[in-house]
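Structural overview
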Amino acid sequence: MDVSQNLTEIKANIEAACQKNNRNPEDVTIIAVTKYVTIERTKEAINAGLLNLGENRQEGFIEKYNHFGKTVSWHFIGSLQTRKVKDIIDKVDYIHSLDRLSLAKEINKRASTVMDCFVQVNVSGEESKHGIQPENVMQFIEEISEYTNIRIVGLMTMAPHSDDKALLHKVFSELRELRDKVKQRNYRHAPCNYLSMGMSNDYEVAIMEGATHIRIGSKLVGENM
Ligand SMILES: *Cc1c(COP(=O)(O)O)cnc(C)c1O
């Protein structure tokens, strides 16, 4: 399938999900996750109008970045090793996987301007998932305030791989409630307006629960293309 055909279908689904709770589709940013695909296929995505790209590994990101540079916005969505921060820091526009203080410290040290970050939260409690436990998020964000090169723009989570809609609603609504709590504090370093949640299998539910950034790979650009 062409990326543009997939995109048309996904946009229709986004619109339908938005309509269910009176949201404006323009408030949902589609991040095309290009981690499985080639430069050629990525080019097709950009030509289809996808200007936010997501990569989850430093090597894959650098390869794509070397091709496309700053013509698009780059979202680093995978778990990030502290020692690799220096390789990506002034190239990415957003880091979605801030999940520990040691990482925050390194980002703060290496960034030459303020870095927009999402705090990754392990809402589902699955051991395999990265992220801060929900009950520790507020304290974590308070501790980040000393790192003046970090701005917390939102929260991010990955839901369990499941078709259980009720479970997905529960996970995503919990992240939204947590985001609302952080937002209410009016921290200068943590406006926390955004919710990065929803992937190929669950983005519609995520949108119904308030997602502002959905990260879609397989259903948009495909796998092994
Ligand atoms: C791979 C990946 C995605 C996209 O997954 P799909 O199911 O292919 O849409 C989204 N978020 C993260 C963090 C990922 O690693």
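Let me begin by describing the structure that accompanies this report.

About the cut-offs
- Residues numbered from 1 in each chain as written.
- Predicted model: local features only at pLDDT ≥ 70, side-chain atom pairs only at ≥ 80, totals over all residues.
- Heavy atoms only, no water.
- Helix = DSSP H or I, 4+ residues; strand = E, 2+ residues; numbered from the N terminus.
- Buried < 20%, exposed > 50% of the residue type's maximum accessible area, 1.4 Å probe, protein only.
- Lys, Arg positive; Asp, Glu negative; His and termini not counted.
- Salt bridge = Lys/Arg side-chain N within 4 Å of Asp/Glu carboxyl O.
- Polar contact = N/O pair within 3.5 Å; in protein donor to acceptor, adjacent residues only side chain to side chain.
- Contact = heavy atoms within 4.5 Å.
- Axes fitted to C-alpha atoms, helices over the stretch in contact; angles between N-to-C directions.
- Parallel < 35°, antiparallel > 145°, perpendicular 65-115°, else oblique.
- Left-handed = near helix turned anticlockwise from the far one by under 90°.
- Nonpolar A, V, L, I, M, F, W, Y, C, P; charged D, E, K, R; others polar.
- Near = heavy atom within 4 Å.
- Areas by Shrake-Rupley, 256 points an atom, 1.4 Å probe, with all protein chains shown as cover.

Attention shifts here to the side chain of arginine 23. Relative to the helices and strands, arginine 23 is located in the loop between α1 (3–20) and β1 (29–33). One buried charged side chain, arginine 23, makes no salt bridge at all; its nearest oppositely charged neighbour is aspartate 27, positioned 5.5 Å away. Looking at arginine 23, its side chain comes within polar contact range of the main-chain oxygen of alanine 211, at 2.8 Å. Sequence-distant contacts of arginine 23, that is, excluding residues within four places in its chain, are made with Cys18, Val28, Ile207, Gly210, Ala211 and Thr212.

By the element assignment, alanine 166 lies in helix α7 (residues 165–184). Each C-alpha atom of the pair alanine 166 and alanine 32 lies 26 Å from the other, and the pair is 134 residues apart in sequence.

Angle between the axes and distance between the axes: these two values describe a pair of packed helices. In contact at an axis separation of 11 Å, helix α6 (residues 137–144) and α7 are set at 40° when each is read in the N-to-C sense. The angle between α6 and α7 falls in the class oblique. Here the hand of the crossing between α6 and α7 comes out right-handed. Mapping the contact onto sequence places Val137, Met138 and Ile141 in α6 and Leu178, Lys181 and Val182 in α7. Looking at the contact of α6 with α7 residue by residue, the classes come out as 5 nonpolar, no polar and 1 charged.

The next point concerns the site of the ligand. Residues in contact with the ligand, as listed here, are Val33, Lys35, Tyr36, Ile77, Met156, Met158, Met199, Ser200, Arg215, Ile216, Gly217 and Ser218. Backbone polar atom of glycine 217 to an oxygen atom of the ligand: 2.8 Å apart, as the coordinates give it. The contact in question runs from an oxygen atom of the ligand to an N or O atom on the backbone of serine 218, over 2.8 Å. Across the complex, the protein chains shield 92% of the 390 Å² of accessible surface that the ligand would expose by itself. Of the residues assigned to the shell around the ligand, the class counts are 7 nonpolar, 3 polar and 2 charged.

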